[in-house]
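# Structure at a glance
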Amino acid sequence: MLNRISLRQMEYFVATAKHGSIAAASAQIHISPPSISAAIAHIETELGTQLFVRHPSKGLALTTVGTQVMQECEDLLERASRLYEIASDSSDTLRGVLRVGCFQSLAAMVAPEVIFGFSRAFDTVELHMAEGNQQDLIQKLHTLEIDVALTYDLQLGDEIGFETLARLPPHVLVSELHPLAQQLAVTLEELAPQPMVLLDLPMSKEYFTSLYAKAGVEPNIVARSRSEDVVRSMVANGIGYALFNVRPKSTQSLDGKRLVRLRLVGEQRPMLLGLATYKPMKPSRLTQAFMQRCRAYISDQYIPGMSAASFFDPHLSNRTESQKT
């Protein structure tokens, strides 16, 4: 009987079960709701059983049989995905689909060399990259939409494994005309009364505000944005300072104005950059190969697209030397 139920139909059924509604599944897997509905109806007809209880206000809930069927479908889909690995093992060639998540503020720097460089090295690999904030990436790991994520160690949960590759301590970003721009380092106490522009991403904003709470001061937040480039532009235009962990090599905002990086005094908790995986799912051979590339390309000594941790604004030292002469 199962030869009349396709793997594609099983994928649609499992996605619906995980997301609790056909509409949500449609948005996630980019398949029309009628196609998903038809696939579920076909499976129910073939098996002669009801898979979902439909609640108008709460969406879809699996029946007892539906839960068992979903577990079997997941097992069959996982076994099917291993076919590429079997072929790869026998031919010593990496092939198949690799789905990588990347924290959005890292993507512009690490994605070209690390992520897409992997697919250039192995032209039999079909690469899909998903950008997002920490909340997005953790959700995608849980729902098996991505195989691995390059991200931070923020609120991972018990089912997410994390391997640290590099430490990214926070630093201060100001415009070149900011009153603190001539200092080599600043404290959180000095920053607190100054206008601040907050990078307002889920979990990231809690990290930044926790630094002030630990120091016993409160930041003066005057503007916020979910875009790193918007925050950098607001800083460059004198709206306020910002805290960042990523260290782009460029010292200009997108509108061409000058930015200055300053050290943040004290032992501040760094962001840990690394690889996040879903513990219940063993990484495939392809995923393991990608993770090995990340280990080779990302460390405390080198991160693609970023300046070194010891690098701070060169124009400050140049200006200091000119003042001496």
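Bear in mind the structure is a predicted one, so any value in this text is a computation, not a measurement.

### Notes on helix α6 (residues 134–142)
The complete set of buried residues in α6 reads Q134, L137, I138 and L141. The arc enclosing the buried residues of α6, seen along the axis, measures out at 95°, which places them on a common side. For α6, the elements touching its buried residues are β3 (96–103), β4 (125–132), β5 (148–152), β6 (160–168) and β13 (271–278). Among the residues of α6, the N-terminal cap falls to N133, whose side-chain oxygen and the backbone nitrogen of Q135 are separated by 3.0 Å.

### Points about the sheet that holds strand β11 (residues 242–244)
One open sheet holds the 4 strands; their spatial order is β8-β12-β7-β11, and the pairing between them is mixed. Each end of this open sheet is capped by a strand with a single partner; those strands are β8 (185–186) and β11. When strand β7 (residues 171–175) meets strand β12 (residues 259–264), the two strands line up antiparallel, connected through 4 bridges. Each residue of the ladder has a partner; that of V172, found in β12, is L262.

### Side note on the nonpolar core
Within soluble globular proteins, side chains that are nonpolar generally end up buried alongside one another. Core analysis: the largest hydrophobic core is formed by 74 residues, its most contacted members being L106, L150, Y152, V172, L191 and L243. With 8 residues, the single largest contributor to this core is helix α5 (residues 104–121). For V172, the contacting residues outside a window of four places in its chain are V186, L191, Y241, A242, L243, V260, R261, L262 and L264. Among the nonpolar cores identified, the runner-up in size contains 19 residues, and I5, I36, C73 and L77 belong to it.

### Looking at the pairing of strand β1 (residues 52–55)
Of the pairings in the sheet, the one linking β1 to strand β2 (residues 59–62) comprises 4 bridges and is antiparallel in character. Note that in β2 the partner of R54 across the bridge is L60. Linking two consecutive strands that pair antiparallel, namely β1 and β2, is a turn of 3 residues.

### A closer look at the packing of helix α1 (residues 7–19) against helix α2 (residues 22–29)
At a minimum axis separation of 8 Å, α1 and α2 run at an interaxial angle of 115°. Here α1 and α2 pass one another in a crossing that is right-handed. Between α1 and α2, the residues in contact are Y12, A15, T16 and H19 and I22, A24, A25, Q28 and I29, respectively. Here the residues of the contact of α1 with α2 sort into 6 nonpolar, 3 polar and no charged.

### Structural notes on the side chain of S225
Counting through the fold element by element, S225 comes out in strand β10 (residues 220–225). Of the residues examined, S225 reaches a relative accessible area of 13% and is grouped as buried. When residues no more than four places from it in sequence are discounted, the contact partners of S225 are L198, L199, D200, V230, V231 and M234.

### Focus: the sheet that holds β6
Here we have 5 strands laid out as an open sheet, ordered β4-β3-β5-β13-β6, and mixed in their pairing. The open sheet has two edge strands, β4 and β6, and neither has a second partner. Recorded for the sheet is a direction-independent mean angle of 20° between the axes of neighbouring strands. Both β3 and β4 contribute to a ladder of 8 bridges, which runs parallel. Counted as the bridge partner of V100 is M129 from β4. The strands touched by α6 are β3, β4, β5, β6 and β13; relative to β5, the strand with the most contacts, the crossing angle is about 155°.

Cut-offs used in this document
- Residues numbered from 1 in each chain as written.
- Predicted model: local features only at pLDDT ≥ 70, side-chain atom pairs only at ≥ 80, totals over all residues.
- Heavy atoms only, no water.
- Buried < 20%, exposed > 50% of the residue type's maximum accessible area, 1.4 Å probe, protein only.
- Helix = DSSP H or I, 4+ residues; strand = E, 2+ residues; numbered from the N terminus.
- Arc of directions from axis to C-beta.
- Contact = heavy atoms within 4.5 Å.
- Polar contact = N/O pair within 3.5 Å; in protein donor to acceptor, adjacent residues only side chain to side chain.
- Pairing = 2+ DSSP bridges.
- Core = buried A, V, L, I, M, F, W, Y, C linked by side-chain atoms within 4.5 Å.
- Axes fitted to C-alpha atoms, helices over the stretch in contact; angles between N-to-C directions.
- Left-handed = near helix turned anticlockwise from the far one by under 90°.
- Nonpolar A, V, L, I, M, F, W, Y, C, P; charged D, E, K, R; others polar.

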